[in-house]
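Report on the structure
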Amino acid sequence: MSTLLVASSTATVLGRLTEGTTEGGKKTFESPTKNDFDFPGLFSHDGWFTKPILIVILMTTLVAVFYVLASRNAKVVPSKLQFAGESVYGYIRNDVALDAIGHEGLRFAPYLATLFSFIAVNNIAGIIPILQIPSTSHIAFPLVLAILSWVIFLAIGIKKNGVFKYFKDMMFPPGIPIPVYLLLAPIEFFSTVIVRPLTLMLRLTFNMFAGHLVLLLFVSGGEYLLLHYSNHVVGIPVGILSFFMSLVLSLFEGGIQLLQAYVFTLLTALYIGGALADEH
Amino acid sequence: MNGTINGSLNMIGYGLAAIGPGVGIGLIFAAYISGVARQPESRGMLQSIAILGFALAEALAIIGIGLAFALK
């Protein structure tokens, strides 16, 4: 019963109680579409200040406050908060920055830790009650993050080797028969300069998009089966099962959300490491 | 009870397209698990490689779902 309550409140705050058309007194089910990701403005209907923007502002503040509080009054014997902050930062520094980039990775640890924290909390907003939309499922936010990472790894590579040598190392790795370069050079250029930022952006966006869509489907489908489906003998048990599945999938989605934040950070670190490496 | 299904055929195409990355990701983690089983101390090194391979294979599936929604 409590499962039901939680899930039905979930359906309500998702703001999407099956908006099917009425046909002969019966509602029809309409599966969620990409239109469910468009929110009206909070203050005026067409305003720019929508729910995802509110979430980004909230979460950015949260991360900033968390790290400031965790690093203030740092002691040798850490407090609980300091320990939490050091765990996250230490993990990114040691297991991502230093492992993927090498000893120079220390310089990039703050950026990577910020990136990870920002993406992680914005993704997790997708399963926090009331917020319940991962703001990163709107392509604008991953777009900016991907462009940032792209500019950083290109700038670092160019700064280290100079424009000519950087692109020469990237497009013409040594030890390959010369005719193959005709094929290899454009592919290498394409995959490094165009595909990398594009996949960084699309991976994060559509993972969050698809995950949210699946949750929407189970919640709105469960609501439809419970209340509007003509055959109650089938509808009610399957509807309850559907709500239960939405809860299980919320947990699963939480794992995916953290994993995607980690993947974005790890790939950024690997790209920076590749740009810093002496030989390709 | 005569049910009708509304929606885009794109989604069926996406479902078919997701088979490839699905198999690929399965192979990547199978290799990772057997690698760790043979040599448990190599876990840390293998993990980032496995996640990288997973991310690259998954990109194909993700591009698929992007196109399934974007192309009409």
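Just so it is clear, the model here is predicted, and its values are computed rather than measured. (Residues numbered from 1 in each chain as written. Chains lettered and ligands numbered in written order. Predicted model: local features only at pLDDT ≥ 70, side-chain atom pairs only at ≥ 80, totals over all residues. Heavy atoms only, no water.)

On a plain count of helices and strands, chain A comes out with eight helices and two strands. Ordering the α and β elements of chain A from the N terminus gives α-β-β-α-α-α-α-α-α-α. Relative to its full complement of 280 residues, chain A shows a buried share of 43%. When contacts within chain A are restricted to residue pairs at least 6 apart in sequence, those whose partners lie at least 24 apart make up 66%. Summed over its atoms, the accessible surface of chain A is roughly 14,700 Å², and 73% of this surface lies on carbon and sulfur atoms. (Helix = DSSP H or I, 4+ residues; strand = E, 2+ residues; numbered from the N terminus. Buried < 20%, exposed > 50% of the residue type's maximum accessible area, 1.4 Å probe, protein only. Contact = heavy atoms within 4.5 Å. Areas by Shrake-Rupley, 256 points an atom, 1.4 Å probe, with all protein chains shown as cover.)

Counting its secondary structure elements, chain B contains three helices and zero strands. For 72 residues, the compact-globule estimate of 2.2 N^0.38 gives 11 Å, and chain B exceeds it by more than 25% at 17 Å. With the principal axes as the frame, chain B shows a C-alpha extent of 55 × 30 × 15 Å. Taken across its 72 residues, chain B has 28% of its residues classed as buried. (Rg over C-alpha atoms; globule rule 2.2 N^0.38 Å.)

Here T199(A) shows up in helix α7 (residues 178–227). If sequence neighbours within four positions are ignored, T199(A) has contacts with A59(B) and I63(B).

With that settled, the discussion passes to the packing of helix α5 (residues 140–161) of chain A against helix α6 (residues 163–171) of chain A. Residues and elements named next belong to chain A. Two elements in contact, α5 and α6, have axes separated by 7 Å at closest approach and are oriented at 110°. For the element pair α5 / α6, the angle class is roughly perpendicular. Handedness of the α5/α6 crossing: right-handed. Between α5 and α6, the residues in contact are F153, L154, G157, I158 and N161 and V163, K165, Y166, F167 and D169, respectively. The class makeup of the residues in the contact of α5 with α6 is six nonpolar, two polar and two charged. (Axes fitted to C-alpha atoms, helices over the stretch in contact; angles between N-to-C directions. Parallel < 35°, antiparallel > 145°, perpendicular 65-115°, else oblique. Left-handed = near helix turned anticlockwise from the far one by under 90°. Nonpolar A, V, L, I, M, F, W, Y, C, P; charged D, E, K, R; others polar.)

Right, let's get into the pattern of salt bridges. All names here are of chain A. Under the counting rule described, the total for this entry stands at two salt bridges over all chains. R107 is paired through a salt bridge with E104; the nearest N and O atoms lie 3.5 Å apart. Close ionic contact of D169 with K165 constitutes a salt bridge, the shortest N to O distance being 2.9 Å. Remark: K165 and D169 occur in helix α6; sequence separation between them is four residues, near one turn of the helix. For D169, a relative accessible area of 12% corresponds to the buried category. (Salt bridge = Lys/Arg side-chain N within 4 Å of Asp/Glu carboxyl O.)

Here we come to empty space enclosed by the protein. In this approach, a probe sized like a water molecule rolls over the atoms, and the result shows the empty space that is left. Residues and elements named next belong to chain A. For the structure shown, the criterion picks out one cavity of 30 Å³ or more. By volume, the largest cavity amounts to about 40 Å³. In this structure, the largest cavity is lined by L200, R203, L204, Q260, V263 and F264. Looking at the lining of the largest cavity residue by residue, the class counts come to four nonpolar, one polar and one charged. (1 Å grid on protein atoms, 1.4 Å probe; cavity = no way out; pocket = protein on both sides within 12 Å on 5 of 7 lines; lining within 4 Å. Points joined across faces, edges and corners; volume = space filled by probe spheres on them.)

Residue and element names in this part refer to chain B. By the element assignment, M11 lies in helix α1 (residues 10–17). The sequence separation of M11 and A68 amounts to 57 residues, and the corresponding C-alpha distance is 6.2 Å. Aside from chain neighbours lying at most four places away, what touches M11 is A68 and F69.

When the terminal C-alpha atoms of helix α8 (residues 232–276) of chain A are compared, their 63 Å separation across 45 residues agrees well with the 66 Å that a helix rising 1.5 Å per residue should span. Where α8(A) begins, the side chain of N231(A) points an oxygen toward the backbone nitrogen of V233(A), at a separation of 3.2 Å. (Expected span 1.5 Å × (residues − 1). Polar contact = N/O pair within 3.5 Å; in protein donor to acceptor, adjacent residues only side chain to side chain.)

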